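Here are the chains, one letter per residue:
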Amino acid sequence: MDAVRQEFDPPRTTHGNAAQGDVSTPMPNLGAPHPGAPDGAGPIDGGTGAVAEAVAGPPAKKKRGFGVTFWLAVTWLVAVLVCAVFANILPVKDPLVPDVLNKLAYPGPEHWLGTDGLGRDTLARLVHGARVSVTISVTAVAIGMVVGGFIGIIAGFFRGKLETVLMTIINIILAFPALVLLLVLLAFVGRSLVVISLIVGFLSIPIYTRVARATTLAVAEREFVRASRTMGAKNSRVLAREILPNVVLPVAAFGLVAMGVVIVLEGTLAFLGLSVQQPAPTWGGMIFDGKRYLSEAPHVVLIPSIAMFLTVLSLNLVGDSLRTRFDVRGSNL
Amino acid sequence: MYVLRRLPSLIATLLAVSILTFLMTSLLPGDPALQILGAENATPEAIAAVRSELSLDDPLPVRYLHWIGDALTGDFGRSYRTNEPVSQAIIERLPVTAEIGLLAIVIALAIAIPVGMLSAYRAGTRTDKVISSTSFGLLAVPNFMVAILLILVFAVWLGVLPATGWVNFTDNPVQNLRSALLPALSLAIAEMAVYTRLLRTDMIATLQQDFVTMARVKGVSNRRILFRHALRPSSFSLLTVAGVQVGAIIGGSVVIETLFAVPGVGRLLLEAVLVRDLLMVQGVALVIAVSYVVVNFTVDILYSYLDPRISHGRSSARV
């Protein structure tokens, strides 16, 4: 009864539209453009999604193999990660030292990606800024995923009163526009890298709870779980051996997409003057600073924008591919 | 019927949201009395006086009841900074945010519905692939980036639209629309991508169904099938998500209004947060949260009209 191998069970018999009744509870958003967007079709459309995907999905994507775009995205993400980890030993200039004679320089041999309004090297700032993006997104997603995932699995597995209580709390928090909460907390609590990561992570717990619960509900109904029970397995064993391995991957795929949301969020905060304090380079901060020189040197804005765009796009791509691959049945969200 | 059945949950949510708003701002560090007085005037006596004047020393539940009671009659207190009534500040700025938000949703739907339908109708073809990958790509573009690109193109290069500023509708309707267009577009792009993808998926599923085949067999024109037969059953998730996305638009409006220097509620909130104007933050946050909850409730109700199954099914039990 290897749980992970159970890939081809028949669709659940629940009527496709049942899931659509679940409309009263808004999906969350942290002010980012698209809650659940890359998988927007998945969670909400109920059982019909499976049909649609079967028809619409390009046949090549159906089985093994991820395709070139997927691996390009992975490569880019690895590059960003390497920059973040090794920012200090990579052969780039100092991100804080201005080259006063070369303000707003275009990309050239001296500064590969040009300089900003104070003459600081854009490449160096990008590399060091990656550190902020990676730290915030990884910490926040880790917190949300572990705590939210745990609550979600518990709620989805034990059901009953516990589930009702937990999900009511979760839904109330989700009924609150998250950016508002975030703004208030940040303004009053402070805005170091750690604080921002923790608050964003804390605020994202509810959405992971919903994802984990939905997945758990779907997994718990499947034959191998029933089989395991019939063979006398205790709750703890079923949870650890059957449920957990099947819930972790979809939640992790969702976490990748959520990382993109968090990176965008850092940019948003930078625009509001609430991100990590200057002069530490962050991608959002670079875009925000560059806005001032939009008419004379648009590349100062465009280069960090492209970096952020590519990172978020890659995360969406990888997360979406993995989600499609691991999706148990996205109908209970 | 359905409205009545959902009403208790609406009231409970509103109550919870108001408590959350209150707690969020009341439990945070920092003494509002100190804020009002400023560091130099803050003698212990003065602080005590201000605290008793604002009833800050009452227990939290009492303060909450006080605050929510006043709020229900439209009195959110006065700003610690400007002494302006909070309700007045909100009323002045709400129309601006509402106009931009509505315009954004209208633009997004106006583009997403035909494009999503086309994509579904041509599922698997090159048209569909271009549309799908474009909308997937657009999802990765944050609204502030869209805003900057729009400013770059329309204000800096072409010079046809103002980069910042706001003109009231009553002063000059045309200028008003011009000043609202770029902010609304910035919010609309990501929404558009979300809606397009959603409608495409649902529409493809609808087009598989028997009644569509039946209509085809009867010789109904493609256009009529798409718009009259398939659009309504495909629009449920779209409607839901459009409601949910109001939250994204509210969140986005904080950034967009700041970027375009538009006097809306989002910017009001940000400014209040930055100077720690407690009552203003509470008031604005409450109004935003309540609007969000009410919009989603309305969508929920609308939904039951669009899809009659909702009212008598047990499907809404899974909340």
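Residues numbered from 1 in each chain as written. Chains lettered and ligands numbered in written order. Predicted model: local features only at pLDDT ≥ 70, side-chain atom pairs only at ≥ 80, totals over all residues. Heavy atoms only, no water.

## Concerning the overall build of chain B
Argument step 1. A tally of regular secondary structure across chain B gives 14 helices and 0 strands.
Argument step 2. Secondary structure elements of chain B, listed N to C terminal, follow the sequence α-α-α-α-α-α-α-α-α-α-α-α-α-α.
Argument step 3. By principal-axis analysis of the C-alpha atoms, chain B measures approximately 85 × 55 × 35 Å.
Argument step 4. Counting only residues that meet the buried cut, chain B has 51% of its 319 residues in that class.
Argument step 5. In chain B, 73% of the contacts between residues at least 6 apart in sequence involve partners at least 24 apart. (Helix = DSSP H or I, 4+ residues; strand = E, 2+ residues; numbered from the N terminus. Buried < 20%, exposed > 50% of the residue type's maximum accessible area, 1.4 Å probe, protein only. Contact = heavy atoms within 4.5 Å.)

## Concerning the overall build of chain A
Argument step 1. In terms of helices and strands, chain A carries 12 helices and 0 strands.
Argument step 2. Reading chain A from its N end, one meets helices and strands in the order α-α-α-α-α-α-α-α-α-α-α-α.
Argument step 3. Looking at chain A alone, contacts between residues at least 24 apart form 75% of all its contacts between residues at least 6 apart.
Argument step 4. Carbon and sulfur atoms make up 69% of the accessible area of chain A, which totals about 13,800 Å². (Areas by Shrake-Rupley, 256 points an atom, 1.4 Å probe, with all protein chains shown as cover.)

## Overview of the packing of helix α4 (residues 122-158) of chain A against helix α8 (residues 205-220) of chain A
All names here are of chain A.
Argument step 1. Packing of α4 against α8 brings their axes to within 7 Å, and their N-to-C directions diverge by 40 degrees. Taken together, the axes of α4 and α8 lie oblique to each other. For α4 against α8, the interelement crossing comes out right-handed.
Argument step 2. Here the contact of α4 with α8 is composed, by residue class, of 12 nonpolar, 7 polar and 1 charged. (Axes fitted to C-alpha atoms, helices over the stretch in contact; angles between N-to-C directions. Parallel < 35°, antiparallel > 145°, perpendicular 65-115°, else oblique. Left-handed = near helix turned anticlockwise from the far one by under 90°. Nonpolar A, V, L, I, M, F, W, Y, C, P; charged D, E, K, R; others polar.)

## Some details on the nonpolar core
Argument step 1. Leu182(A), Leu183(A), Ile243(A) and Phe144(B) are the most contacted members of the largest nonpolar core, which has 164 residues in total.
Argument step 2. Mapped onto the domain boundaries, this core takes at least three residues apiece from domain 1 (2-72) and domain 2 (88-318) of chain B.
Argument step 3. Excluding anything up to four places from it in sequence, Leu182(A) contacts Ile199(A), Val200(A), Leu203(A), Leu265(A) and Leu269(A). (Core = buried A, V, L, I, M, F, W, Y, C linked by side-chain atoms within 4.5 Å. Domains from an automatic or database assignment.)

## Topic: the environment of Lys291(A)
Argument step 1. Structurally, Lys291(A) is set in the loop between α11 (283-290) and α12 (299-326).
Argument step 2. The class for Lys291(A) is partly exposed, based on a relative accessible area of 27%.
Argument step 3. Sequence separation between Lys291(A) and Ile306(A) is 15 residues; the distance between their C-alpha atoms is 14 Å.
Argument step 4. Lys291(A) has contacts with Phe271(A), Val301(A), Ile148(B) and Leu259(B), leaving out every residue within four places of it along the chain.

## Brief notes about the domain arrangement of chain B
All names here are of chain B.
Argument step 1. Along its sequence, chain B is carved into domain 1 (2-72) and domain 2 (88-318).
Argument step 2. For domain 1 versus domain 2, the distance between C-alpha centres works out to 33 Å.
Argument step 3. Taken residue by residue, the interface counts 21 residues in domain 1 and 18 residues in domain 2.
Argument step 4. Of the roughly 1,700 Å² buried between domain 1 and domain 2 on both sides combined, carbon and sulfur atoms contribute 71%.
Argument step 5. Of all residues in domain 1, Tyr 2, Thr 25 and Trp 67 give up the largest surface area on contact with domain 2, accounting jointly for 33% of the area buried on that side. (Buried area = accessible area lost by both parts, 1.4 Å probe.)

## Regarding the packing of aromatic side chains
Argument step 1. Tallied over the entire structure, the rule returns 8 aromatic pairs over all chains.
Argument step 2. Between the aromatic rings of Phe271(A) and Phe144(B), the centroid separation amounts to 4.6 Å while the plane-to-plane angle is 35 degrees, which identifies the pairing as tilted. Here Phe271(A) is found in helix α10 (residues 235-271), whereas its partner Phe144(B) is found in helix α7 (residues 143-157) on a different chain. Comparing Phe271(A) with Phe144(B), the two get one shared label, buried.
Argument step 3. Ring geometry for Phe22(B) versus Trp67(B): centroids 5.6 Å apart, planes at 35 degrees, classification tilted. Here Trp67(B) lies in helix α4 (residues 60-72) and Phe22(B) lies in helix α1 (residues 2-26), a separation of 45 residues in the sequence.
Argument step 4. The structure contains a cluster of three or more aromatic residues connected by ring pairs, namely Phe271(A), Phe288(A) and Phe144(B). (Phe/Tyr/Trp six-rings, centres within 6.5 Å; stacked < 30°, edge-to-face > 60°.)

## Thoughts on a nonpolar patch on the surface
Argument step 1. On the surface, Val78(A), Leu81(A), Val82(A), Val85(A), Phe86(A) and Ile89(A) cluster together into a nonpolar patch covering about 530 Å² of accessible area.
Argument step 2. Among the secondary structure elements, Phe86(A) is positioned in the loop between α3 (67-85) and α4. (Patch = residues over 30% accessible without salt bridge, like charges linked within 9 Å, V, L, I, M, F, W, Y side chains within 5 Å. Salt bridge = Lys/Arg side-chain N within 4 Å of Asp/Glu carboxyl O.)

## Re α4(B)
Residue and element names in this part refer to chain B.
Argument step 1. Taking 1.5 Å as the rise per residue, α4 with 13 residues should run 18 Å; its terminal C-alpha atoms sit 18 Å apart, in good agreement.
Argument step 2. Considered for burial, the residues of α4 that qualify are Arg 63, Tyr 64, Trp 67, Ile 68 and Ala 71. Down the axis of α4, the smallest arc covering the buried residues is 120 degrees, so these residues share one side. Opposite the buried face of α4, by more than 90 degrees, sit the exposed residues Pro 61, Leu 65 and Leu 72.
Argument step 3. Residues of α4 that are buried in the fold lie against α1 and α13 (278-306).
Argument step 4. Gly 74 sits one or two residues past α4 and shows a positive phi near 85 degrees. (Expected span 1.5 Å × (residues − 1). Arc of directions from axis to C-beta.)

## Points about unusual backbone geometry
Residues and elements named next belong to chain B.
Argument step 1. Residues other than glycine seldom take positive phi values, yet Asn 83 does so here, at roughly 65 degrees.
Argument step 2. Mapped onto the elements of the fold, Asn 83 is located in the loop between α4 and α5 (86-121).
Argument step 3. A positive phi angle, close to 50 degrees, is found at Ala 261, a residue other than glycine.
Argument step 4. Residue classification places Ala 261 among the partly exposed positions, given a relative accessible area of 32%.

## Remarks on helix α8 (residues 173-207) of chain B
For an α-helix the count is 3.6 residues per turn, leaving residues at separations of three or four pointing the same way.
All names here are of chain B.
Argument step 1. With 35 residues, α8 ought to run about 51 Å at 1.5 Å a step, yet its terminal C-alpha atoms sit only 42 Å apart, falling short of that.
Argument step 2. Roughly 35 degrees is the biggest bend found in α8, and it falls at Leu 181, with proline Pro 183 one to four residues downstream.
Argument step 3. Of all 35 residues making up α8, 28 are buried, and the element is well covered by its neighbours. (Bend = angle between axes of the 7 residues up to and from the residue.)

## As for the packing of α5(B) against helix α10 (residues 222-234) of chain B
Residues and elements named next belong to chain B.
Argument step 1. Look at α5 against α10: their axes get within 12 Å of each other, and the N-to-C directions meet at 110 degrees. The orientation of α5 relative to α10 falls into the category roughly perpendicular. The handedness of the crossing between α5 and α10 is right-handed. Where α5 abuts α10, its residues Ile 113, Met 117 and Tyr 121 lie against Asn 222, Leu 226, Phe 227 and Leu 231.
Argument step 2. Here the contact of α5 with α10 is built from residues that sort into 6 nonpolar, 1 polar and no charged.

## Considering the pattern of salt bridges
All names here are of chain A.
Argument step 1. Within this structure, the stated rule accounts for 8 salt bridges over all chains.
Argument step 2. Note that Arg 125 and Asp 116 form a salt bridge whose closest N and O atoms lie 3.6 Å from each other. Comparing Arg 125 with Asp 116 shows no difference in burial state: the two are buried.
Argument step 3. Residue Arg 323 pairs with Asp 320 through a salt bridge whose shortest N-O separation is 3.6 Å. Here Arg 323 and its partner Asp 320 are both found in helix α12, 3 residues apart, which amounts to about one turn of the helix.
Argument step 4. A relative accessible area of 13% means that Arg 323 is categorised as buried.

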